[in-house]
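# Analysis of the macromolecular model
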Amino acid sequence: MIFLLENAGHIQSKESILEKVWGLEGQFVDDNTVTVNISRLKNKLGTDCIENVRGLGYLWTEKVNKK
């Protein structure tokens, strides 16, 4: 979630999320990892602040106050 917050307003591809969050050499990570974790995160947040941009990736849509 922090990665999406830090890049609010910018579409992040599944590959970039996978690389930044799990690293390129994640032994137990498959293609569905990002999708499943984003879905779980959206359910826990109870809001639509993470948008799936079809074919491109994910986008944090709400305003973030940086301090």
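Scroll up to find the structure this text is about.
Residues numbered from 1 in each chain as written. Predicted model: local features only at pLDDT ≥ 70, side-chain atom pairs only at ≥ 80, totals over all residues. Heavy atoms only, no water.

Regarding its fold elements, the protein presents three helices and two strands. Ordered by position from the N terminus, the helices and strands of the protein form the series α-α-α-β-β. Its C-alpha atoms give the protein a radius of gyration of 12 Å, within 12% of the compact-globule value 11 Å for 67 residues. Projected onto the principal axes, the alpha-carbon positions of the protein cover approximately 35 × 25 × 20 Å. Each of the 67 residues in the protein was classed as buried or not, and the buried ones make up 24%. For the protein, the proportion of contacts with a sequence separation of at least 24, taken over those separated by at least 6, is 44%. Here the protein has roughly 5300 Å² of accessible surface; of this, 48% comes from carbon and sulfur atoms. (Helix = DSSP H or I, 4+ residues; strand = E, 2+ residues; numbered from the N terminus. Rg over C-alpha atoms; globule rule 2.2 N^0.38 Å. Buried < 20%, exposed > 50% of the residue type's maximum accessible area, 1.4 Å probe, protein only. Contact = heavy atoms within 4.5 Å. Areas by Shrake-Rupley, 256 points an atom, 1.4 Å probe, with all protein chains shown as cover.)

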